[in-house]
Every structure is written in C-alpha cells, then in structure tokens.
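# Structural description and commentary
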Amino acid sequence: MRISLKKVVSPPLAITVLLVISPLLFWLISMGFSNPTAVTNFTTPPGDALQQFFLENAFLAGIVNIGLSLINVFLIAQLNNRFTIIRNRTFLPVLIYLILVSMWSEIHIVVCAHLAATMLLISLFVFFDMYRNANASEQAFLGSLLIAVASVFAPVLLLLIPVCWLGFMRFYSFSLRTWLASLFGALVPWVFYFAYMLYYKTDYYWLNDLGQSFFIGLPVFSRPLYEMVYIALMVVFMIIGLFGLYTNLHSDSIQTRAKLNFLVFILVAAFVFSFFFVNQFIVFLPVIALAYSLLIAHAFTLRLTNFYGILFILFVIINVAFGVFNLIDTKFLL
C-alpha cells in the first residue's frame, strides 16, 4: 500500500481549515487541565510582571498564545514562500508547528516564549535579506534589536544573537560593519533597561536576579520518563529529516542552502540551550518548534516516498500520544 502525503502537503481549503483547527482544539481542551504554577521563572521585572499577570489569568494567556501561534504560522508560511526555503509550495511547516506547540502544554500560558518566537521570525525576514551583503548594517542592527527586545523579558534569548553571527558567516555577510551593527542593536534595549534599573533600584539585588537567568543545570533529568522518551524520538525524527534534507540539498540553490543551514544553527543552539538553562528553558521551546517545522517539512515535502509517509504518520501519532500523556499526568497532579 502506497502512503502519499500530497493531500497534506497541498490540502484543499476545507482540509486546511480542519488541520489548523484540530491541534488548536486540543490546546483549548488541555487548558482545562493545565497547572498555572508549572511555568518558568523570569528574572527581569518586565518578564516577571508579564508572566505574573497571565498566571492570574490563565485562560487569557492561552487565548493570547493561540493568537501568537497563528501569527507565527502565518510568518512561517510567508518566510517559506518569500525565501523559497522549501522549493515546492507546502502546508507542512504550518501543520508541524501547530502540532508541536499544541501538544507542548507547558508553554501554553508562557506568553514570553511565544513572543520570543514571533520576534525571531520577524528578525529572520530581515536577516535573510543579508545574503552576500557585507554592508547590510541596517538589517543586522534591526534583526538583533528585535531579538534583544524579546530578551528583556527572557535574558537567555541574547544567546541567539551570536548564533545569528554564524548565520551571517554562512551568508558571506559577516564583516566588522555588520558585527558592530548587530552588537549595537543587541545593546540598545539593555542600555535603556540598565538606565531604568540603576535609577529606580538602588539596592542592586536585581543584578543577582539577572545572573540567575543563566544558571546552568540539566532540567531534562528531572522530567518524567515519558518526556525523555518523547525527546529522544523527536531527535531521531529530526536526524532522519536532516539526512533527507542534506542528501537532497544539491537540488536547492546555494542561497537556499545557506538559509537552511542558518535554521539548523538556530535549532541546534536552541535545543542545547533548553537543556542547560534551568530557569528559562521553556522560552526556547517555540524557537525549537519553528526551526524544527521548517527543516523536517523540507524532507517530508520533497521526498514523497512510503518511508517518509509512514514517518510522518508516526510523528503525528507520537505527538498526539505525548499530548494525551501530558493531559493525564496534569490531571493526576491536580
């Protein structure tokens, strides 16, 4: 029996609407079982104030995050179409992103995490215009500024900016001009932040709190066994997807290859950061989801074989099973 993903890659309008609504419906159902105290700790007053507000209004947080996720899938689709990351028109990046963020119930009320993904996506529109332009100081400044604004709520996001510098190198656009522009763009929000804090907070304890953002540990080992199994399976799917991507990469243009490598840098870095930063690992999860969705969708879209068809079905089943386990586990804890 041949399994084809063509109807999912380019679905008709009615199926498209159904595929968008289904994971979001699961998200809405899971909100009734969520534990609003099980969220990350932010270490800046803006991040803490925002998260505290939404902790007290968990349903509103879920609605806001669903809205941000819909914005993010729109941006993912536009990014793919504008820069031809996947050379065939495909709905899979949108579907995969929605499946991931809908099943990861721990991020459902963490607004800063979804906002970080939105800011990073907008910055990618800017960065991807830098290809072979070592004088693209405006793009370097603006893209880094967007990420830095998000980092005022979650400081560990600053670590993504050096990762973007690796992307500049892959784009042949890394120069002293673009590096300084990116550095200044990253510093601007923090100059205002430090000026405000030094004026209004004279005890300097907030500096210690800021340092807690970068507290290193291995939070994954404190997670339930089924989560560790799920993470391992998602890594296996990604390895297979990247193998399919790179074995077919010769069919893409050199510019598209550079963009795909940029996304690989972001995926690997965000995945590693989420493993080691105890206090703010959740903030990287939507970032992982956006890079993951574009990269694995490349293989699923362009390699329409039985193997990848079965692999996609397994991917959906495992994610739904993980979401159900989360619901059961959360209900038991409550």
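Treat the numbers as computed from the prediction; the structure is a model and nothing was measured.

Below, the discussion takes up the pattern of salt bridges. Taken as a whole and judged by the stated rule, the model has two salt bridges. Note that D129 and R82 form a salt bridge whose closest N and O atoms lie 3.0 Å from each other. Residue D129 is located in the loop between helix 6 (111–127) and helix 7 (137–151), and its partner R82 is located in helix 4 (residues 58–83); the two are separated by 47 residues in the primary sequence. You can call D129 partly exposed: its relative accessible area is 37%. Linking R87 and D252 is a salt bridge whose minimum nitrogen-to-oxygen distance equals 2.8 Å. Separated by 165 residues along the polypeptide, R87 in the loop between helix 4 and helix 5 (92–103) and D252 in the loop between helix 11 (225–247) and helix 12 (254–276) bring together distant segments of the chain. Looking at R87, the relative accessible area reads 34%, which means it is partly exposed.

On to the environment of A299. One can find A299 in helix 13 (residues 285–302). Using a relative accessible area of 1% as the deciding quantity, one classes A299 as buried. The spacing of A299 and V236 is 63 residues in sequence and 14 Å in space, taken between C-alpha atoms. Setting aside residues no more than four positions away along its own chain, A299 makes contact with G241, G244, L245 and Y308.

This model, assessed by the stated rule, comprises 25 aromatic pairs. When the ring of F53 is compared with that of F54, the centres are 5.0 Å apart and the planes differ by 80 degrees; the resulting orientation is edge-to-face. According to the relative accessible area criterion, F54 is buried, its value standing at 8%. Taking the centre distance of 5.5 Å and the plane angle of 25 degrees together, the rings of Y226 and F325 count as stacked. Highlighted residues: Y226 in helix 11 and F325 in helix 14 (residues 306–333), separated in sequence by 99 residues. Of the aromatic side chains, those joined through ring pairs into one cluster are F83, F125, F127, F128, Y131, F168, F171 and F262. Positioned above the aromatic ring of Y172, the side-chain terminus of R132 is 4.4 Å from the ring centre.

When pLDDT is averaged along the chain, the result is 88; 94% of the residues meet or exceed 70. No element of the chain has a lower mean pLDDT than helix 10 (residues 205–212), at 74, and none a higher one than helix 5, at 96.

Looking now at a nonpolar patch on the surface. On the surface, L13, V17, I21, L25, L28, I29, F59 and I63 cluster together into a nonpolar patch covering about 780 Å² of accessible area. For the nonpolar patch, the secondary-structure elements that each account for two or more residues are helix 2 (13–31) and helix 4. Ranked by residue count, the leading element in the nonpolar patch is helix 2, at six residues. Secondary-structure assignment places I29 in helix 2.

What follows concerns the environment of A195. Residue placement: A195 occurs in helix 9 (residues 176–200). It is 34 Å that separates the C-alpha atoms of A195 and V268, two residues lying 73 residues apart in sequence.

This part is about helix 6. What sets the pattern is the α-helix's 3.6 residues per turn: residues three or four places apart point alike. Taking 1.5 Å per residue as the helical rise, helix 6 with its 17 residues ought to reach 24 Å, and the 24 Å between its terminal C-alpha atoms agrees with that figure. Most of helix 6 is tucked away: 15 of the 17 residues are buried.

Let's shift gears to the packing of helix 11 against helix 12. The interhelical angle for the contact between helix 11 and helix 12, taken along N-to-C directions, is 165 degrees, at an axis separation of 13 Å. Classified by the interaxial angle, the pair formed by helix 11 and helix 12 is roughly antiparallel. For the pair helix 11 and helix 12, the sense of crossing is left-handed. Across the interface between the two elements, I231, V235, M238, L242, L245 and Y246 from helix 11 touch L260, N261, V264, L267, F271 and F275 from helix 12. Among the residues forming the contact of helix 11 with helix 12, the class breakdown is 11 nonpolar, one polar and no charged.

What counts and how
Residues numbered from 1 in each chain as written. Predicted model: local features only at pLDDT ≥ 70, side-chain atom pairs only at ≥ 80, totals over all residues. Heavy atoms only, no water. Salt bridge = Lys/Arg side-chain N within 4 Å of Asp/Glu carboxyl O. Helix = DSSP H or I, 4+ residues; strand = E, 2+ residues; numbered from the N terminus. Buried < 20%, exposed > 50% of the residue type's maximum accessible area, 1.4 Å probe, protein only. Contact = heavy atoms within 4.5 Å. Phe/Tyr/Trp six-rings, centres within 6.5 Å; stacked < 30°, edge-to-face > 60°. Lys NZ or Arg CZ within 6 Å of the ring centre and 35° of its normal. pLDDT = per-residue confidence, 0-100. Patch = residues over 30% accessible without salt bridge, like charges linked within 9 Å, V, L, I, M, F, W, Y side chains within 5 Å. Areas by Shrake-Rupley, 256 points an atom, 1.4 Å probe, with all protein chains shown as cover. Expected span 1.5 Å × (residues − 1). Axes fitted to C-alpha atoms, helices over the stretch in contact; angles between N-to-C directions. Parallel < 35°, antiparallel > 145°, perpendicular 65-115°, else oblique. Left-handed = near helix turned anticlockwise from the far one by under 90°. Nonpolar A, V, L, I, M, F, W, Y, C, P; charged D, E, K, R; others polar.

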